[in-house]
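Summary of the model geometry
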Amino acid sequence: MKSTRFDDFLEEQLRDPEVREEYEALQPEHTVIQAMINARISAGMTQKELSEKTGIAQGDISKLEHGNANPSLRTLQRLAKGMGMVLKLEFLPETNTKARA
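Residues numbered from 1 in each chain as written. Predicted model: local features only at pLDDT ≥ 70, side-chain atom pairs only at ≥ 80, totals over all residues. Heavy atoms only, no water.

Looking at the packing of helix H3 (residues 47-54) against helix H4 (residues 58-65)
For clarity, the cut-off: Between the N-to-C directions of two axes lies an angle of 0 to 180 degrees, each axis being a line fitted to C-alpha atoms and, for a helix, fitted only over the stretch in contact. Numbering of helices and strands starts at the N terminus; helices are DSSP runs of H or I of at least 4 residues and strands are runs of E of at least 2. Roughly parallel here means an angle under 35 degrees, roughly antiparallel means over 145, roughly perpendicular means 65 to 115, and every remaining angle is called oblique. By convention, the crossing between two helices is left-handed when the near helix turns anticlockwise from the far helix through less than a right angle, and right-handed when the turn is clockwise. We call two residues in contact when some of their heavy atoms are within 4.5 Å. Residues were grouped as follows: Ala, Val, Leu, Ile, Met, Phe, Trp, Tyr, Cys and Pro as nonpolar; Asp, Glu, Lys and Arg as charged; and all remaining residues, including Gly, as polar.
Between H3 and H4, the shortest axis-to-axis distance is 8 Å and the interhelical angle comes to 120°. In terms of their interaxial angle, H3 and H4 are classed as oblique. Once H3 is placed against H4, the crossing between them reads as right-handed. Contact residues: H3 offers Gln47, Lys48, Leu50, Ser51 and Thr54, while H4 offers Gln58, Ile61, Ser62 and Glu65. Its residues assigned to classes, the contact of H3 with H4 shows 2 nonpolar, 5 polar and 2 charged.

Here it is, written out as structure tokens:
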């Protein structure tokens, strides 16, 4: 896969340990957002259709998908049910070798 200018920029920025630490701290949030978007698309639904199915305002779904709001577990469950899916959360061991406090 050919890298994009953004990929090159990101790679360069991540060489800075402070930037990398902040970027990695945001990864769980980005993962949830991308999972919500992927699930909705996989279900073949628009935000409006998902809104109608769940009773969650389309504007609120948009905010969640753009990272401008933090969903509760209950909201994630409602979204999953509205897409005919179940929500699955996992706790995994850390993979970094930093000393833990």
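Quick notes on helix H2 (residues 17-42)
One full turn of an α-helix is made of 3.6 residues, so residues set three or four places apart face in the same direction. Our working definition: Residue count minus one, scaled by 1.5 Å, sets the expected span of a helix. To get the bend at a residue, fit one axis to the 7 residues ending there and another to the 7 starting there, then take the angle between the axes. Burial classification: accessible surface area is computed with a 1.4 Å probe over protein chains only, and a residue below 20% of its type maximum counts as buried, one above 50% as exposed, and the rest as partly exposed. Two N or O atoms count as a polar contact when they lie within 3.5 Å, although within protein this holds only if one can serve as hydrogen donor and the other as acceptor, and sequence-adjacent residues are included solely when both atoms are side-chain atoms.
Over its 26 residues, H2 runs 36 Å from end to end, which matches the ideal 38 Å to within 8%, given 1.5 Å per residue. Considering bend angle alone, the principal kink of H2 is centred on Gln27 and spans about 40°; proline Pro28 follows within four residues of it. Three or more residues of H2 are buried, namely Ile33, Met36, Ile37, Ala39 and Arg40. Its side-chain oxygen placed 2.9 Å from the backbone nitrogen of Glu18, Asp16 serves as the N-cap of H2.

Description of the nonpolar core
Note the threshold: What we call a nonpolar core is a set of buried Ala, Val, Leu, Ile, Met, Phe, Trp, Tyr and Cys residues that are connected through their side-chain atoms within 4.5 Å.
If you look at the biggest cluster of nonpolar residues, it comprises 10 residues: Met36, Ala39, Met45, Leu50, Ile56, Ile61, Leu64, Leu76, Leu79 and Met83. Elements supplying a minimum of two residues to this core: H2, H4 and helix H5 (73-82). Non-local contacts of Met36, meaning those with residues more than four positions away in its chain, are made with Leu64, Glu65, Leu76 and Leu79.

A closer look at the layout of surface pockets
Counted only if it meets this: Both cavities and pockets are sets of points on a 1 Å grid over the protein atoms alone; in a cavity a 1.4 Å probe fits but cannot get out, in a pocket the set is open with protein on both sides within 12 Å along at least five of seven lines, and lining residues sit with an atom within 4 Å of a point. Grid points are joined across faces, edges and corners, and a volume is the space filled by probe spheres set on the points.
There is about 490 Å³ of room inside the largest pocket. If you go around the largest pocket, you meet 18 residues; those closest to its centre are Val32, Ala35, Leu87, Lys88 and Leu89. It is H2 that contributes the most residues to the lining of the largest pocket, 6 residues altogether. Classifying every residue of the lining of the largest pocket by side-chain character gives 15 nonpolar, 1 polar and 2 charged.

As for the environment of Arg78
When you line up the elements, Arg78 lands in helix H5. A C-alpha to C-alpha distance of 8.9 Å links Arg78 and Gly55, two positions 23 residues apart in sequence. Once residues lying within four places of it in the same chain are set aside, the contact partners of Arg78 are Thr54, Gly55 and Ile56. Only 2.7 Å separates the side chain of Arg78 from the backbone oxygen of Thr54, close enough to count as a polar contact.

Details of the pattern of salt bridges
The cut-off we apply is this: The salt bridge criterion pairs a side-chain nitrogen of Lys or Arg with a carboxyl oxygen of Asp or Glu, the two atoms within 4 Å.
For the structure shown, the criterion picks out 3 salt bridges. Note that Glu11 and Arg15 form a salt bridge whose closest N and O atoms lie 3.7 Å from each other. The exposure class of Glu11 is partly exposed, given its relative accessible area of 48%. Judged by its relative accessible area of 60%, Arg15 falls in the exposed class. A salt bridge links Glu65 to Arg40; the shortest N-O distance between them is 2.7 Å. Separated by 25 residues along the polypeptide, Glu65 in helix H4 and Arg40 in helix H2 bring together distant segments of the chain. By the burial criterion, Glu65 is buried, and Arg40 matches it.

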